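Chain by chain, the residues:
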Amino acid sequence: MKLKSRARLIHLLISKSTAEALLIAAVAVGFYFATTNVNLRGVLDKADRQVVSGWAVDEGNPEVRIEVQLFIDDRFVSDAPADKYRPDVHEAKRAQDDWHGFEFQSPQLSPGDHEARVYAVHANGGGARRTLQLIGMPYRFRIE
Amino acid sequence: MPGQGALAAWEIASVTSSVLIAEWILSAAAGASKAVVAIPIGLAFILMIGSHRLRGESLRDVGFRFDNFFRAIKLLLLPMLIVAIASLLIGLALGAQPNFLRWHPERRLIAQIGLGFAWGFVQQYVLQSFVNRRAQIIWGPGLVSILLTGLIFSVLHLPNPWLMVVTLIGGLIWAAVYQRAPNLIALAISHSVMTWLLVSTLPVSALNHLRIGFKYFT
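Values in this document were obtained by computation on a predicted structure and should not be read as measured data.

Calculation notes
Residues numbered from 1 in each chain as written. Chains lettered and ligands numbered in written order. Predicted model: local features only at pLDDT ≥ 70, side-chain atom pairs only at ≥ 80, totals over all residues. Heavy atoms only, no water. Helix = DSSP H or I, 4+ residues; strand = E, 2+ residues; numbered from the N terminus. Expected span 1.5 Å × (residues − 1). Bend = angle between axes of the 7 residues up to and from the residue. Phe/Tyr/Trp six-rings, centres within 6.5 Å; stacked < 30°, edge-to-face > 60°. Buried < 20%, exposed > 50% of the residue type's maximum accessible area, 1.4 Å probe, protein only. Domains from an automatic or database assignment. Pairing = 2+ DSSP bridges. Patch = residues over 30% accessible without salt bridge, like charges linked within 9 Å, V, L, I, M, F, W, Y side chains within 5 Å. Areas by Shrake-Rupley, 256 points an atom, 1.4 Å probe, with all protein chains shown as cover. Salt bridge = Lys/Arg side-chain N within 4 Å of Asp/Glu carboxyl O. Contact = heavy atoms within 4.5 Å. Axes fitted to C-alpha atoms, helices over the stretch in contact; angles between N-to-C directions. Parallel < 35°, antiparallel > 145°, perpendicular 65-115°, else oblique. Left-handed = near helix turned anticlockwise from the far one by under 90°. 1 Å grid on protein atoms, 1.4 Å probe; cavity = no way out; pocket = protein on both sides within 12 Å on 5 of 7 lines; lining within 4 Å. Points joined across faces, edges and corners; volume = space filled by probe spheres on them.

Structural notes on unusual backbone geometry
Of the consecutive residues Leu158 of chain B and Pro159 of chain B, the connecting peptide bond is found in the cis state with omega at -5 degrees. We note that Asp73 of chain A has phi near 55 degrees; this positive angle belongs to a residue other than glycine. Along the chain, Asp73 of chain A turns up in the loop between strand 3 (67-72) and strand 4 (75-81). Its identity as a non-glycine residue notwithstanding, Asn208 of chain B has a phi of 50 degrees, on the positive side.

Have a look at this one:
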């Protein structure tokens, strides 16, 4: 193989690798935006033996009451719309009205440490997929 | 500048990675826009065709030829027969009833075998005309280059375990035959017929509709 041909083949290989790297990067960014609601805001305020509560707002669609799901210790507990009365969220200018709270009754839990997580359900892929997006931070609590 | 062997290894890695990117990353992330999967495959074909030209390989060299067709068929017959009988016996042992109309029953069998030939031709071109030939640049004709070709063919069928085994066996046979009689038409016929026989004899649950890559899990 001639030196010139070899150099051209190397250029071809590098160009192909570069094109593929750019393609993967573009797909990764597109996938992130397709499966993640960047306008989602919310906090998991409280978790104890009685209730798990907080608020969640889609700032892109503030009039929508988003669906949230509660998991305790990585196990699904329940789902509900975030449509409970939370005037403090409105007063703090995090929502356009008073009705973006959520509240779940806690299930029977054994004594010890537990972790609550609340996820917003995000429909994407033209409705083909429903992905879960964590609201705020996981909340650790103890049952005596 | 890399030597001939290093360059050939780079070419093999590049084409293999393109197929894996299409199977694992893009088919998982692309959703409804499946056309994006064709991009790395298209890039791989641009590389392969460019490589043939830069290395001065003719169509005849890479296996687009008729003069050795019967020699290739003759070399293929015995291993194909052994694999077909083994597949039938394994299928029966696993309780599968042979059904020679199972492979895409919505199509006429002859049309499906024709499509299988076209698809087999493309796969054999990538596997033999490119991977096998580049492996021979590194290690020369013989066991090591045959083994590498078979292994790559098997890896491209991850994570389907049954398909990985049969493609390893098929890949080794086809690579060995190609090194003796490089003829893509004979290999594509063999590929299509063997796919038909495997689909007809092995349990449907084992082959999982020949799904590979991310699609295997869907």
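Considering helix 1 (residues 4-29) of chain B
The first and last C-alpha atoms of helix 1 of chain B sit 36 Å apart over 26 residues, in line with the 38 Å expected at 1.5 Å per residue. Along its length, helix 1 of chain B shows its largest kink, about 35 degrees, at Ile21 of chain B.

Some words on the packing of aromatic side chains
Using the criterion set out here, one finds 14 aromatic pairs over all chains in the structure. Between Phe71 of chain A and Phe76 of chain A, the aromatic rings sit 5.6 Å apart at their centres with planes inclined by 70 degrees, giving edge-to-face as the arrangement. The exposure class of Phe71 of chain A is buried, given its relative accessible area of 16%. Seen from their ring centres, Phe117 of chain B and Phe121 of chain B are 6.0 Å apart, and the 50 degrees between their planes marks the pair as tilted. Of the two residues, Phe117 of chain B and Phe121 of chain B both sit in helix 5 (residues 109-139), 4 residues apart, roughly one turn of that helix. Taking relative accessible area as the criterion, Phe117 of chain B reaches 28% and is therefore assigned partly exposed. Put simply, the rings of Phe45, Phe64, Phe117, Phe121 and Tyr125 of chain B pair up and form one aromatic cluster.

Here's the deal with the domain arrangement of chain A
Interfaces are often sized by the accessible area lost when the parts come together. Split by domain assignment, chain A resolves into domain 1 (1-35) and domain 2 (40-143). One C-alpha centre belongs to domain 1 of chain A, the other to domain 2 of chain A; they are set 42 Å apart.

Quick notes on the pairing of strand 7 (residues 129-134) of chain A
Residues and elements named next belong to chain A. Where strand 6 (residues 112-124) and strand 7 come together, 6 bridges link them in antiparallel fashion. Bridging across to strand 7, Tyr119 finds its partner in Leu134. The hairpin turn running from strand 6 into strand 7, its antiparallel successor, is 4 residues long, and Gly125 in that turn takes a positive phi close to 60 degrees.

Structural notes on a nonpolar patch on the surface
Where nonpolar side chains cluster on the molecular surface, the patch consists of Leu78, Leu81, Ile82, Ile85, Leu88, Leu89 and Leu92 of chain B and spans about 660 Å² of accessible area. Assignment of secondary structure puts Ile85 of chain B in helix 4 (residues 69-93).

Description of the environment of Pro62 of chain A
Residue and element names in this part refer to chain A. Tracing the sequence through the fold places Pro62 in the loop between strand 2 (51-58) and strand 3. Residues Pro62 and Thr131 lie 69 residues apart in sequence; the distance between their C-alpha atoms is 19 Å. Setting aside anything within four residues of it in sequence, one finds Pro62 in contact with Gln96, Asp97 and His100.

Regarding the packing of helix 1 of chain B against helix 5 of chain B
All names here are of chain B. Two elements in contact, helix 1 and helix 5, have axes whose closest approach is 8 Å; the angle formed by their N-to-C orientations is 150 degrees. Here helix 5 runs roughly antiparallel to helix 1, going by the angle between their axes. By crossing handedness, the relation of helix 1 to helix 5 is classed as left-handed. In this structure, helix 1 contributes Gln4, Gly5, Ala8, Ala9, Glu11, Ile12 and Val15 to the contact, and helix 5 contributes Val126, Phe130, Val131, Arg134, Ala135, Ile137 and Ile138.

Quick notes on the layout of surface pockets
Residues and elements named next belong to chain B. Of the pockets and cavities examined, the second largest pocket occupies roughly 170 Å³. Around the second largest pocket, the lining residues are Ile82, Val83, Ala86, Ser87, Ile90, Trp162, Val165, Val166, Ile169, Leu198 and Leu202. Every element with two or more residues in the lining of the second largest pocket is listed here: helix 4 and helix 7 (161-180). The leading source of residues in the lining of the second largest pocket is helix 4, at 5 residues.

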